[in-house]
Amino acid sequence: MFQCPICEQNTSIPVGGASVLPQNLHLGFEVEVAGYMSKMTSNSDVACDQCAEGSSDPAVVFCCACHHFLCAFCLENHKRNRMWSKHKIVGLDQEGARQLHTTMKPRDHYCSQPNHEDNDWNFYCETCSLLVCPHCTILSHKSHSVKEISTVAKTHQMEMTGALEDAKEVVTKLTGAIDENKRMIEQVEISSRNAFLAINQAFEILQQTLEERKKTLLSELEAISLSKTTALTLQKEQFEKMVGDIGHYTDMASQILQTHTDHEIVALGGLIPTELQATLKRVQTISITPNQHSNITVSVETDDLVRQLSKLGEIVAFIPSPSSSTWTSTSAAKVGTRYHVKVQSKTSKGEEYPHGGVEVKGEMRSKTHNGAVVYGEVEDHRDGTYTITLTPQTAGLHQLFITMDGQHVQNSPHDLDVRPKRDYHTLCNAQQVIQCNRPSCVAIHDNGDIYVGSHDDCIYVFDQTGQLKNTIGSSGSGDGQFSFPRGISIKGDVLYVADTGNHRVQKLTSSGKFLHKFGQQGSGQGRFNCPVAVIIDSNNKLIVSDYSNHRIQIFNENGNWLSTIDGKGSGNHSFQYPWGLALDLQGNIHVAAQGSNTIKVFSKEGVYVRMYGDPNGPSGLAIDGEGYSLVSEFGGHCLSIYDPEGNKFHTVGNLKNPHGTALDPRDGSVFIANYGANTVLKYCVHI
């Protein structure tokens with residue numbers, strides 16, 4: 001085995017030795033140069049290559065073009081010859097050797113085969129991978145694939161150029177990766193320093209807290225010890241005084257008894273016993289046991305604390321994976337409206353990452369307005385979640401970019417359609433008027449068809465131009481027949497009708513084919529007393545206004561009862577004669593309470609949320625994608641528009657007992673069933 005000096009790969013010497021190895025002119029040239037350099041830097045004389053054999057003049061220079069060592073005499077001849085005068089000459093020293101490697105050019109290559117020495121290698125045998133001369137192509141490579149060396153060289157040049165370009169691209173990427181690694185190393189050092197400071201700060205606080213608690217306990221101990229000692233000392237001193245008083249009187253009595261006369265004993269005998277007895281009685285009235293016990297104990301439960309301290313803190317060395325991290329948004333993107341994106345960072349295993357501190361960025365780029373960019377404001381909640389807020393300035397298709405530490409999260413970039421902001425102040429005159437007898441409700445199909453419930457006990461279907469294209473149903477109580485249909489809703493190709501006079505809900509195809517019905521007159525679960533509106537939520541649940549029962553009933557798509565929002569009673573949750581229904585972006589149910597002259601809002605679970613507005617006999621109700629409520633007022637002869645907070649900011653008048661209200665899902669146009677004027681009005685919303 002030996003290491004190739006060109007590619008530095010280990011290879012085995014083939015059978016036959018080094019002589020059978022492939023031609024390598026570059027390596028041969030390098031070997032030749034190395035030999036010349038060795039001679040130039042040696043301390044021995046080098047013979048002149050142009051002098052006759054036996055000449056004693058040593059070489060003094062080297063010709064890089066001729067590849068010859070030259071003595072002083074030959075050097076002069078070299079300079080005088082026009083053909084050689086411009087050749088590069090270097091001295092025989094270290095500097096000359098250094099120049100040799102950069103200035104010496106390979107000599108012309110001639111065939112090494114016998115009798116071919118005067119033929120240059122002008123061809124290349126692809127079969128044998130050998131450089132060959134013209135004679136070789138005829139004699140030994142006749143049937144082989146032989147090409148001119150210039151053609152082969154050009155191919156190899158193109159391949160090498162391509163490889164160099166590829167290498168340049170890879171090196172650029174690797175250089176960027178190196179820079180990113182350097183940045184990450186710096187970030188690691190910064191993070192490490194910050195973590196070091198945080199650890200020290202945390203434990204300094206702990207130490208300070210423990211020290212303060214220690215001082216408090218020692219102070220309490222000192223106070224208790226002093227209190228006990230003082231009390232016991234005072235008691236001891238009291239006992240000592242009593243002992244002293246008793247001793248004084250007993251000593252006096254003993255002395256009198258021993259030394260005094262009877263007259264003196266009689267004179268003093270009454271006093272001494274009296275004082276002594278008084279002292280003895282005082283002793284009997286007090287406790288002679290210590291007034292303080294000696295026990296002072298301390299309760300410092302350290303086991304749990306030690307266990308907690310032993311696990312206190314956590315060094316988080318892993319980082320969230322951008323490709324695993326996700327984002328969500330619950331609102332539609334509107335021009336001039338704040339658009340919120342919630343980002344959840346996750347590990348590579350898909351587990352939620354519980355820490356903040358990651359660099360999260362968000363931006364929105366327009367695809368239609370010269371690539372206009374909106375940069376997001378990022379809030380780090382420090383729990384692994386982030387909120388990005390962007391306010392788009394132009395409508396149309398945008399791309400949403402969300403990155404984490406410079407890398408895209410899941411589903412980024414994401415195509416996002418920014419909708420124009422509607423201007424309801426421009427609602428003044430209807431752009432389209434459709435004649436219809438006593439229209440009570442209206443709904444718009446995705447294809448633009450207009451469905452209108454009529455006093456004629458049928459559903460009229462008009463095209464976008466207002467031309468009648470179909471009539472669904474007729475007067476009666478049979479399947480597909482109606483009695484005062486006051487509410488309709490359409491989803492896809494399914495039509496639901498609140499068949500008010502028949503106290504039921506019917507399900508039909510959009511073309512009018514009967515599919516199903518449910519409900520009958522009554523007040524029990526699943527029964528109705530004049531249902532006047534029906535809507536469909538995102539889970540295909542049916543929500544029905546049970547007008548005269550003062551309640552809202554909720555069913556599954558097959559008509560099975562699920563729950564009831566009861567309006568009877570008192571309090572904020574109560575309402576009377578509910579009519580129009582609509583859902584906001586959060587799925588809350590808005591109820592136009594006609595008997596209460598207000599709009600009541602309930603959660604999807606039926607819990608009261610809030611109320612707003614003071615409409616006069618609200619009947620129809622619709623909510624757009626920005627949260628604006630459009631309320632038709634049967635008694636007020638107008639359409640009132642409320643902002644998402646429930647503030648009324650615009651009114652469209654000149655109506656007559658309007659009933660149902662609907663929005664075109666395609667462009668937001670407003671349709672009103674103008675019951676008293678026998679018309680359906682269309683208002684286009686300006687943007």
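Just so it is clear, the model here is predicted, and its values are computed rather than measured.

**Focus on the packing of aromatic side chains**
Reasoning step 1: Taken as a whole and judged by the stated rule, the model has 14 aromatic pairs.
Reasoning step 2: Seen from their ring centres, Tyr424 and Tyr628 are 6.0 Å apart, and the 55° between their planes marks the pair as tilted. Within this pair, whereas Tyr424 is found in the loop between β17 (414-418) and β18 (432-435), its partner Tyr628 is found in the loop between β35 (618-623) and β36 (629-633), the two being separated by 204 residues in sequence.
Reasoning step 3: Of the residues examined, Tyr424 reaches a relative accessible area of 2% and is grouped as buried.
Reasoning step 4: A ring pair is formed by Tyr628 and Phe649, whose centres lie 5.6 Å apart and whose planes are at 70°; its orientation type is edge-to-face. Residue Tyr628 is found in the loop between β35 and β36, and its partner Phe649 is found in strand β38 (residues 648-652); the two are separated by 21 residues along the sequence.
Reasoning step 5: In this structure Phe649 comes out as partly exposed when scored by relative accessible area, which is 28%.
Reasoning step 6: Taken together, the aromatic side chains of Tyr36, Phe62 and Phe69 make up a single cluster linked through ring pairs.
Reasoning step 7: Its guanidinium or amino end placed over the ring of Phe401, Arg365 lies 4.2 Å from that ring's centre, counting from NZ or CZ.

**Re the nonpolar core**
Reasoning step 1: Formed by 20 residues in total, the largest nonpolar core has its most connected members in Tyr339, Val341 and Val343.
Reasoning step 2: Beyond its immediate chain neighbours, meaning those up to four positions away, Val343 contacts Thr326, Trp327, Val360, Gly384, Thr385, Tyr386, Ile388, Ile402 and Met404.
Reasoning step 3: In terms of nonpolar packing, the next biggest core, distinct from the first, is built from 15 residues, Tyr424, Leu630, Leu639 and Ile641 among them.

**Comments concerning empty space enclosed by the protein**
Reasoning step 1: Counted by the stated rule, this structure contains one cavity of 30 Å³ or more.
Reasoning step 2: Within this model, the largest cavity holds a volume of roughly 40 Å³.
Reasoning step 3: Together, Gln432, Gly448, Ile450, Gln464, Asp664, Arg666, Phe671 and Lys682 line the largest cavity.
Reasoning step 4: When grouped by side-chain class, the residues that make up the lining of the largest cavity number two nonpolar, three polar and three charged.

**With respect to the sheet that holds strand β7 (residues 130-132)**
Reasoning step 1: Pairing in this open sheet of three strands is antiparallel, and the strands run β7-β6-β8 from one edge to the other. Whereas interior strands pair on both sides, the edge strands pair on one side only; in this sheet they are β7 and β8 (146-148). Averaged over all adjacent pairs, the angle separating strand axes in this sheet is 35°, with direction ignored.
Reasoning step 2: Here helix α5 (residues 149-259) sits on the sheet and contacts β6 (123-125), β7 and β8; the angle it forms with β8, its principal contact strand, is near 85°.

**Quick notes on the pairing of strand β40 (residues 670-674)**
Reasoning step 1: In terms of burial, β40 is largely enclosed, as five of its five residues are buried.
Reasoning step 2: Across the two faces of β40 the burial is the same, with Val670, Ile672 and Asn674 and Phe671 and Ala673 all buried.
Reasoning step 3: Summarising the sheet, strand β39 (residues 661-663) and β40 pair through three bridges and their orientation is antiparallel. Among the inter-strand pairings, Thr661 is bridged to a residue of β40, identified as Ile672.
Reasoning step 4: Where β39 folds back on β40, the antiparallel hairpin that results is connected by six residues, among which Gly668 adopts a positive phi of roughly 80°.

**Observations concerning the sheet that holds strand β34 (residues 608-612)**
Reasoning step 1: Read across the sheet, four strands follow the order β31-β32-β33-β34 without closing on themselves; strand pairing throughout is antiparallel. Here the strands that pair on one side only, and so sit at the sheet edges, are β31 (578-583) and β34. Averaged over all neighbouring strand pairs, the angle between strand axes comes to 25°, with direction disregarded.
Reasoning step 2: In this structure, β31 lies alongside strand β32 (residues 589-593), joined through four bridges in antiparallel fashion. What sits directly across from Leu583, in β32, is Ile589.

**Observations regarding a nonpolar patch on the surface**
Reasoning step 1: Among the surface-exposed residues, Ile199, Phe203, Leu210, Leu305, Leu309, Leu312 and Ile315 lie close enough to one another that they form a single nonpolar patch of about 620 Å² accessible area.
Reasoning step 2: Going through the elements one at a time, α5 and α8 (303-310) are the ones with two or more residues in the nonpolar patch.
Reasoning step 3: If you tally residues by element for the nonpolar patch, the top one is α5, at three residues.
Reasoning step 4: Position of Leu305 relative to the elements: it lies in helix α8.
Reasoning step 5: The class for Leu305 is partly exposed, based on a relative accessible area of 38%.

**Remarks on the confidence of the model for the chain**
Reasoning step 1: Across the chain, the average pLDDT comes to 88, with 94% of residues at 70 or higher.
Reasoning step 2: Within the chain, strand β1 (residues 2-3) has the poorest average pLDDT of any element, 62, and strand β28 (residues 542-546) the best, 98.

What counts, and where the lines are drawn
Residues numbered from 1 in each chain as written. Predicted model: local features only at pLDDT ≥ 70, side-chain atom pairs only at ≥ 80, totals over all residues. Heavy atoms only, no water. Phe/Tyr/Trp six-rings, centres within 6.5 Å; stacked < 30°, edge-to-face > 60°. Helix = DSSP H or I, 4+ residues; strand = E, 2+ residues; numbered from the N terminus. Buried < 20%, exposed > 50% of the residue type's maximum accessible area, 1.4 Å probe, protein only. Lys NZ or Arg CZ within 6 Å of the ring centre and 35° of its normal. Core = buried A, V, L, I, M, F, W, Y, C linked by side-chain atoms within 4.5 Å. Contact = heavy atoms within 4.5 Å. 1 Å grid on protein atoms, 1.4 Å probe; cavity = no way out; pocket = protein on both sides within 12 Å on 5 of 7 lines; lining within 4 Å. Points joined across faces, edges and corners; volume = space filled by probe spheres on them. Nonpolar A, V, L, I, M, F, W, Y, C, P; charged D, E, K, R; others polar. Pairing = 2+ DSSP bridges. Axes fitted to C-alpha atoms, helices over the stretch in contact; angles between N-to-C directions. Patch = residues over 30% accessible without salt bridge, like charges linked within 9 Å, V, L, I, M, F, W, Y side chains within 5 Å. Areas by Shrake-Rupley, 256 points an atom, 1.4 Å probe, with all protein chains shown as cover. Salt bridge = Lys/Arg side-chain N within 4 Å of Asp/Glu carboxyl O. pLDDT = per-residue confidence, 0-100.

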